[in-house]
Amino acid sequence: LRLERSRARGMAEGALHEAALAQLAAGDARDAAATATRLVALNPYDENFHELLIRCHVEAGDREAARACGAACVDLMRRELGRDPSPAVVAAAEPEPERAAPAPGRASAQAQLEVGTRAAESGAIEAGIATLRGAVQAAADGGHDDLLARALFALGYALVHSLKGRDEEGAMLLRRAALVAQSCGDAETSASAFRELAYVEVIAGRYERALSLLGRVRTAAEGNSCELAAMDSISGMALADTGRSADAAQHLDRAIAEAEEAGELRWLAYALSLRGRLEAERGELAQAHATLSRSLQITVDDGWLQFVPWPEALLAEVEIALGEREVAGDRLEHAYALGLHFHDPCWEGLSERGLALLEPDPAVAIDRLDHARRRSLESADGYRWVGAHALDALCAKAIEEGDERAEAWVAELHELAGRTGMREFAASAYRHEAALGRPGALEAAHTLAHTDALKAAS
């Protein structure tokens with residue numbers, strides 16, 4: 001009951017978040033603000049919800065209300081959590097910097113779309129995003145809805161994947177891309193936009209919404225191996241995060257085959273990394289090492305430097321389990337350095353968790369695990385699974401060392417796992433409670449594992 005109550009709250013958050021984005025995309029900014037207000041009331045500690053509310057007020061033309069919401073968020077975070085929200089929250093209330101008007105015409109919009117997309121993919125993030133904003137404006141000014149849908153998608157994609165702290169703006173643009181694409185009969189762009197919205201939901205731990213979004217648009221991707229590889233990768237990610245490993249494996253195996261058929265190396269590397277993570281969780285260490293090594297090699301060969309820390313850190317964790325600690329340490333130091341360079345809280349958190357496992361000093365290890373957990377969970381668009389992964393290790397280490405903070409960390413893991421539906425971490429939280437001496441906790445862990453096994457079998 002405790003878990004299901006948390007999960008129900010998480011599902012309510014997901015439904016309200018999706019509704020607010022849909023209202024905003026349809027131009028109903030005042031209704032969207034009312035929905036986002038309910039969302040913030042339901043979970044006032046999620047920065048993304050505050051940012052969404054601020055953006056709703058801005059779209060409604062009420063910048064004063066937007067600034068007031070931003071100030072209230074800052075006050076709450078400082079008072080209750082002892083930190084400032086991410087800069088994106090306050091910046092959402094301010095107007096975009098003035099930019100030169102783009103050259104008119106369809107050719108100009110098309111050229112800016114191509115140049116901006118290529119720049120963002122190659123690492124020139126700010127320049128690429130500025131150019132894509134110009135493409136959106138040029139397409140909108142010229143009434144070229146087909147180009148507008150693609151430009152909105154490209155800009156939303158770049159914000160989600162390239163600039164940390166900009167997922168809410170990216171999600172808003174992706175929703176608009178889907179709406180415009182549907183209006184002009186572009187089913188492919190609409191499906192891609194919903195796929196990326198699903199990715200945002202997975203990162204935020206709103207897994208049921210992600211799977212619902214993907215289920216809605218899968219038929220539009222039939223015959224497109226690249227798009228199917230992307231959808232199956234994200235579906236597999238959501239299913240793996242929530243402990244449905246058999247279903248996850250099916251989706252990821254399909255994604256690997258589809259990406260190979262399409263010659264799409266990045267989605268291939270992505271699907272392989274998730275498949276390797278799943279194999280590691282199952283204890284299939286030799287196979288996980290091979291799968292993750294292949295993912296890492298493809299990523300390096302393709303020059304996808306921003307993604308390198310993910311398969312590299314996962315591979316290092318497998319090497320730790322295999323006793324190859326020196327090799328693992330070198331990989332983790334490299335992955336951590338790249339994470340710092342790209343200001344990526346997910347890569348920093350994952351690699352620092354691995355480094356903490358190699359740390360001989362227990363106090364230092366606990367500090368590093370706590371930092372990894374905070375980087376992943378306190379960032380506005382940190383990957384919640386990485387945060388739970390670090391928090392789980394932190395709970396175990398704190399209990400082992402008799403740290404008085406262990407009980408609070410276990411409670412945090414319980415709440416996070418329950419709200420998101422990460423059932424394996426929920427079972428782990430019960431096991432930690434059993435180690436702390438809570439009566440009935442071990443039986444609860446066994447019951448949860450048994451219930452999940454029955455669900456999987458059915």
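Computed from a predicted model, the values in this text were never measured in an experiment.

Caption draft 1: Quick look at the overall build of the protein. What the protein contains, in helices and strands, is 23 helices and zero strands. Compactness check: the protein gives a C-alpha radius of gyration of 22 Å against a globular reference of 23 Å for 458 residues, within 12% of the reference. Expressed as lengths along the three principal axes of its C-alpha atoms, the size of the protein is roughly 65 × 50 × 45 Å. Looking at the protein residue by residue over its 458 residues, the buried ones come to 55%. Long-range pairs, those at least 24 residues apart, make up 60% of the contacts in the protein with a sequence separation of at least 6. For the protein, the accessible surface area stands at approximately 18900 Å², while carbon and sulfur atoms represent 52% of it.

Caption draft 2: Local environment of the packing of aromatic side chains. Under the definition given, this model contains 10 aromatic pairs. Taken together, a centroid distance of 5.4 Å and an interplanar angle of 70° make the contact between Trp267 and Tyr270 edge-to-face. Of the two residues, Trp267 and Tyr270 are both situated in helix α14 (residues 265-281); the distance of three residues between them amounts to about one turn of the helix. Assigned by exposure class, Trp267 and Tyr270 land together as buried. When the ring centre of Trp385 is taken as reference, the NZ or CZ atom of Arg277 above it lies at 3.9 Å. One Lys or Arg, Arg368, reaches over the ring of Tyr336 and ends 5.5 Å from the middle of that ring.

Caption draft 3: Here's a closer look at the confidence of the model for the protein. Scored by pLDDT, the protein comes out at a mean of 91, with 96% of its residues at no less than 70. Here residues 453-458 scores under 50 on pLDDT; set against residues more than four positions off or in separate chains, the count is one contact.

Caption draft 4: Representation of the state of the cysteines in the model. Enumeration over the complete set of coordinates arrives at zero disulfides. We note that Cys56 lacks a disulfide partner, and the nearest cysteine sulfur, in Cys69, lies 9.6 Å from it.

Caption draft 5: A look at the side chain of Arg83. Within the secondary structure, Arg83 sits in the loop between α4 (63-81) and α5 (87-91). Among the residues examined, Arg83 registers a relative accessible area of 17% and is labelled buried. Of the polar contacts made by the side chain of Arg83, one reaches the side chain of Glu378; its length is 3.4 Å. If we ignore the near neighbours within four places in the chain, the residues touching Arg83 are Glu47, Met77, Arg78 and Glu378.

Caption draft 6: Quick look at helix α17 (residues 325-341). Compared with an ideal rise of 1.5 Å per residue, which puts 17 residues at 24 Å, α17 spans 24 Å between its outermost C-alpha atoms and is within 8% of the ideal. Restricting attention to buried positions, one finds in α17 the residues Ala328, Gly329, Leu332, Ala335, Tyr336, Leu338 and Gly339. Looking at the packing, one finds that the buried side of α17 touches α16 (309-321), α18 (345-358) and α19 (362-378). Count one or two residues on from α17 and you reach His343, which has phi positive near 55°.

Caption draft 7: Spatial organisation of the pattern of salt bridges. A full pass over the atoms with the stated rule returns 41 salt bridges. The closest approach of N and O atoms between Glu196 and Arg195, which form a salt bridge, is 2.5 Å. Here Glu196 matches Arg195 in class, with each residue buried. Of the charged contacts in the structure, one is a salt bridge between Arg277 and Glu281, with a shortest N-O distance of 3.5 Å. Of this pair, Arg277 and Glu281 both sit in helix α14, separated by four residues, roughly a single helical turn. Residue classification places Glu281 among the partly exposed residues on the basis of a relative accessible area of 37%. Linked through salt bridges whose partners overlap, the residues forming this network are Glu18, Arg175, Arg209 and Arg216.

Caption draft 8: Just the environment of Ser86, in detail. Positionally, Ser86 belongs in the loop between α4 and α5. Judged by its relative accessible area of 15%, Ser86 is buried. Note: C-alpha distance between Ser86 and Thr35 (51 residues apart in sequence) is 22 Å. If we ignore the near neighbours within four places in the chain, the residues touching Ser86 are Glu47 and Ala380.

Caption draft 9: Summary view of the side chain of Thr35. Note on placement: Thr35 falls in helix α2 (residues 29-42). Once residues lying within four places of it in the same chain are set aside, the contact partners of Thr35 are Leu16, Ala19, Ala20 and Gln23.

Caption draft 10: Quick peek at the packing of helix α12 (residues 225-241) against α14. Relative to each other, α12 and α14 sit at 20°, their axes nearing to 10 Å. Regarding the angle of α12 to α14, the classification is roughly parallel. The crossing of α12 and α14 is left-handed. On the side of α12, the interface is formed by Cys226, Ala229, Ala230, Ser233, Ile234, Met237, Ala240 and Asp241, while α14 contributes Trp267, Tyr270, Ala271, Leu274, Arg277 and Leu278.

Rules used throughout
- Position labels on residues start from 1 in each chain and follow its written sequence.
- pLDDT decides what is reported in this predicted model: residues at 70 or higher carry local features, side-chain atom pairs at 80 or more are listed and counted, and totals for whole chains, interfaces and linings draw on all residues regardless.
- To get the side-chain values, all heavy atoms of the structure are used, and hydrogens and water are removed first.
- Counting from the N terminus, the helices are the DSSP runs of H or I reaching at least four residues and the strands are the DSSP runs of E reaching at least two.
- Within these notes, the globule rule equals 2.2 Å times the number of residues to the 0.38 power, and the radius of gyration is based on C-alpha atoms.
- When accessible area is computed with a 1.4 Å probe and restricted to protein chains, residues below 20% of their type maximum are described as buried, those above 50% as exposed, and intermediate ones as partly exposed.
- The criterion used for residue contact is that any of the two residues' heavy atoms lie within 4.5 Å.
- Surface accessibility in these figures is a Shrake-Rupley result with a 1.4 Å probe; residues are shielded only by whichever protein chains are displayed.
- Only Phe, Tyr and Trp rings take part, Trp by its six-membered ring, and two of them pair if their centres are within 6.5 Å. Stacked means planes under 30 degrees apart, edge-to-face means over 60, and tilted covers everything else.
- In our convention, an over-ring charge means Lys NZ or Arg CZ found within 6 Å of a ring centre and within 35 degrees of that ring's normal.
- pLDDT measures the predictor's confidence residue by residue and takes values from 0 up to 100.
- Here, a disulfide means two cysteine sulfur atoms that sit within 2.5 Å of each other.
- Residues adjacent in sequence count toward polar contacts only when both atoms are side-chain atoms; beyond that, a polar contact is any pair of N or O atoms within 3.5 Å, and within protein one must be able to donate a hydrogen and the other to accept it.
- Any helix carries an expected span of 1.5 Å times its number of residues minus one.
- Within this document, salt bridges are pairs made up of a side-chain nitrogen of Lys or Arg and a carboxyl oxygen of Asp or Glu, the two lying within 4 Å of each other.
- Fitting a line to C-alpha atoms yields each axis, with helices limited to the stretch in contact; the angle taken between N-to-C directions then spans 0 to 180 degrees.
- Should an angle fall under 35 degrees it is taken as roughly parallel, and over 145 as roughly antiparallel, whereas 65 to 115 is taken as roughly perpendicular and any remaining angle as oblique.
- By definition, any crossing whose near helix is turned counterclockwise from its far helix by less than a right angle is left-handed, and any crossing with a clockwise turn is right-handed.

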